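# Summary of structural features
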Amino acid sequence: MYKAKAYAASSPSSGLASTSITRREPTEHDVQLEILFCGICHSDLHQARNEWSGMMPTVYPCVPGHEIVGRVTKVGSAVKKFKAGDLGAVGCMVDSDRTCPECKAGLEQFCPNFTLTYNFPDKHTGGVTYGGYSDSIVVDEHFVLRVPSNLDLAGTAPLLCAGITTYSPMRHWGVTKGSKVGVVGLGGLGHMAVKFGHALGAHVVVFTTSPGKKDDAIRLGADEVVISRNADEVNRHAGSFDFILDAVAAVHDINLYVNLLKRDGNLTMVGAPAEPLPVGVFGLLFRRRSFSGSLIGGIAETQEMLDFCGQHNITADVEVIPIQKINEAYERLLKSDVKYRFSIDMASLKSE
Ligand SMILES: [Zn+2]
Ligand SMILES: [Zn+2]
């Protein structure tokens, strides 16, 4: 075991502050990374403040962060994929059982025995896992991704959650050249969906409540922007979409978007409203439309996504902050005051 620097919440209302945590020394299949950048995901804030107490109660101290990019500092004797000096990335999972049908299908995100990157029982230490708001992390090589060398690292970090969360359902539902794709909500997830849809050759329509985001949506790769409060403008697209990705985490009128799907079209939720959404079943029956959800992606698909980003030079649009600004960043996140993701420069932790 060794001591690592980190930023942790010590209670739901404490905010985050500098601390030191214990990590395991790399075992034979482990990779140790010096963390260079860590993106800030809305889940980090929920977990730090124990807002998911019903489902995943927070164990304190809590070190969030699951959008991690770093440099390999040490590898175990059996590690084949990495050597010291390589770039590596870690997303929302750090382990799974590798034996269940989901793992065998390469869908570790649905493994009943997976280990999440933070606030999850840690098989090695007996405590909970600690995430990326730290100067280092030790992870089994199967859960460490290779990073294409041409990508900006600050903008690469958010690909590990926001990126794969939007890429995976697009691939699953067959978005391709000529598809008509809707993206509801232009935030951390939505802006990645626009970039992926555009790079896959789709015609991308962004639905937003903010007229001020129009120019930005076009810059990101949207072909059209629809102000979702304008029912006439929305209804002009009735029955025309192959696929719609909905990244809105607040309760909203889902049937408005179901009705925009063509026959066999699909609407996938990646936003997670706390309250149930009433779905009008007739809207689904008449054109055999489907309504579904999606959760990150498996390890193989996450690697595919990173390689796709390397080929198309795709990264997240980020505002880079020092770790000392983390509490301020959380407050701004609550107001959606970021374009479009915060990325923490972990070199700032050295001065603590
Ligand atoms: Zn996340
Ligand atoms: Zn499994």
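This report concerns the structure included in the present document. (Residues numbered from 1 in each chain as written. Chains lettered and ligands numbered in written order. Predicted model: local features only at pLDDT ≥ 70, side-chain atom pairs only at ≥ 80, totals over all residues. Heavy atoms only, no water.)

## Focus: the coordination of the zinc ion (ligand 1)
- Within the protein, Cys41 (SG), His66 (NE2) and Cys161 (SG) serve as the donor atoms for the zinc ion (ligand 1), at 2.0 to 2.2 Å.
- We note that the donor set of the zinc ion (ligand 1) lies within a single chain, spaced as C-x24-H-x94-C. With Cys41 in the loop between β3 (30-39) and α1 (42-48) and His66 in the loop between α1 and β4 (68-75), this pair connects stretches of sequence that are 25 residues apart. Each member of the pair, Cys41 as well as His66, carries the same accessibility label: buried. (Donors = N, O, S within 2.8 Å, 3.2 Å for Na, K, Ca; no water. Helix = DSSP H or I, 4+ residues; strand = E, 2+ residues; numbered from the N terminus. Buried < 20%, exposed > 50% of the residue type's maximum accessible area, 1.4 Å probe, protein only.)

## Re empty space enclosed by the protein
- Per the stated rule, a full pass over the model turns up 1 cavity of 30 Å³ or more.
- What lines the largest cavity is simply Gly91, Cys92, Met93, Leu145, Leu160, Ile164, Ile296, Gly297, Gly298, Ile299 and Thr302. (1 Å grid on protein atoms, 1.4 Å probe; cavity = no way out; pocket = protein on both sides within 12 Å on 5 of 7 lines; lining within 4 Å. Points joined across faces, edges and corners; volume = space filled by probe spheres on them.)

## A closer look at the side chain of Asp95
- When you line up the elements, Asp95 lands in strand β6 (residues 93-95).
- In terms of polar contacts, Asp95 uses its side chain to reach the side chain of Lys123, at 3.0 Å.
- Each residue touching Asp95, except ones within four places of it in the same chain, is listed here: Phe114, Thr115, Lys123 and Phe143. (Polar contact = N/O pair within 3.5 Å; in protein donor to acceptor, adjacent residues only side chain to side chain. Contact = heavy atoms within 4.5 Å.)

## Examining the side chain of Gln47
- Within the fold, Gln47 resides in helix α1.
- Non-local contacts of Gln47, meaning those with residues more than four positions away in its chain, are made with Trp52, Met56, Pro57, Thr58, Tyr60, Cys62, Tyr118 and Asn119.

## Regarding the pairing of strand β12 (residues 241-246)
- The buried fraction of β12 amounts to 5 of the 6 residues, a majority that puts the element mostly inside the structure.
- Bridge analysis of strand β9 (residues 180-184) against β12 gives 4 bridges, and the strand direction is parallel. Bridging from a neighbouring strand, Val181 pairs with Phe243 of β12.
- Note: β12 against strand β13 (residues 261-269), 5 bridges, orientation parallel. Along β13, the bridge assignment pairs Leu245 with Thr268. (Pairing = 2+ DSSP bridges.)

## Topic: helix α4 (residues 162-172)
- Where burial is concerned, most of α4 is hidden: 9 out of the 11 residues are buried.
- Here α4 has its buried residues at Ala162, Gly163, Ile164, Thr165, Thr166, Tyr167, Ser168, Pro169 and Met170.
- Packing partners of the buried residues in α4 comprise β9, α5 (188-199), β12, β13, α10 (299-312) and β16 (341-345).
- Of the residues trailing α4, Gly174 is marked for its positive phi of about 75 degrees.

## Considerations on the sheet that holds strand β11 (residues 224-227)
- Read across the sheet, 6 strands follow the order β11-β10-β9-β12-β13-β14 without closing on themselves; strand pairing throughout is parallel. Lying at the two open borders of the sheet, with one neighbouring strand each, are β11 and β14 (290-293). Pairs of neighbouring strands in the sheet enclose a mean axial angle of 20 degrees, with direction left out of account.
- In this sheet, β11 lies alongside strand β10 (residues 203-208) in parallel orientation, the contact comprising 4 bridges. From the neighbouring strand, Val206 faces β11, where its bridge partner is Val225. (Axes fitted to C-alpha atoms, helices over the stretch in contact; angles between N-to-C directions.)

## Topic: the pattern of salt bridges
- What the rule picks out here adds up to 19 salt bridges.
- Between Arg171 and Glu304 there is a salt bridge, with the nearest N and O atoms lying 2.8 Å from each other. With Arg171 in helix α4 and Glu304 in helix α10, this residue pair connects regions lying 133 residues apart in the sequence.
- Between Asp317 and Lys195 there is a salt bridge; the shortest N-O distance is 2.5 Å. Here Asp317, found in the loop between α10 and β15 (318-322), pairs with Lys195, found in helix α5; they are 122 residues apart in sequence, far enough to count as distant. Here the two residues Asp317 and Lys195 agree in accessibility, since each one is buried.
- A network of salt bridges, in which partner residues are shared, links Lys195, Asp216, Arg219, Asp317 and Lys339. (Salt bridge = Lys/Arg side-chain N within 4 Å of Asp/Glu carboxyl O.)

## Considering the packing of α4 against α10
- It is the contact of α4 with α10, at a shortest axis distance of 10 Å, that shows an interaxial angle of 100 degrees. With respect to each other, α4 and α10 are oriented roughly perpendicular. Mapping the contact onto sequence places Gly163, Ile164, Tyr167, Ser168 and Arg171 in α4 and Glu301, Thr302, Glu304, Met305 and Phe308 in α10. (Parallel < 35°, antiparallel > 145°, perpendicular 65-115°, else oblique.)

## Quick look at the coordination of the zinc ion (ligand 2)
- Protein coordination at the zinc ion (ligand 2) comes from Asp97 (OD), Cys100 (SG), Cys103 (SG) and Cys111 (SG), with a distance range of 2.0 to 2.3 Å.
- Each of the 4 donor atoms around the zinc ion (ligand 2) contributes to a set of angles spanning 100 to 117 degrees, which defines the coordination as tetrahedral.
- In the primary structure, the donors to the zinc ion (ligand 2) are separated according to the pattern D-x2-C-x2-C-x7-C.
- Judged by relative accessible area, Cys103 falls into the buried class, the value being 9%. (Tetrahedral: all angles 85-135°; square planar, octahedral: opposite > 155°, others 65-115°.)

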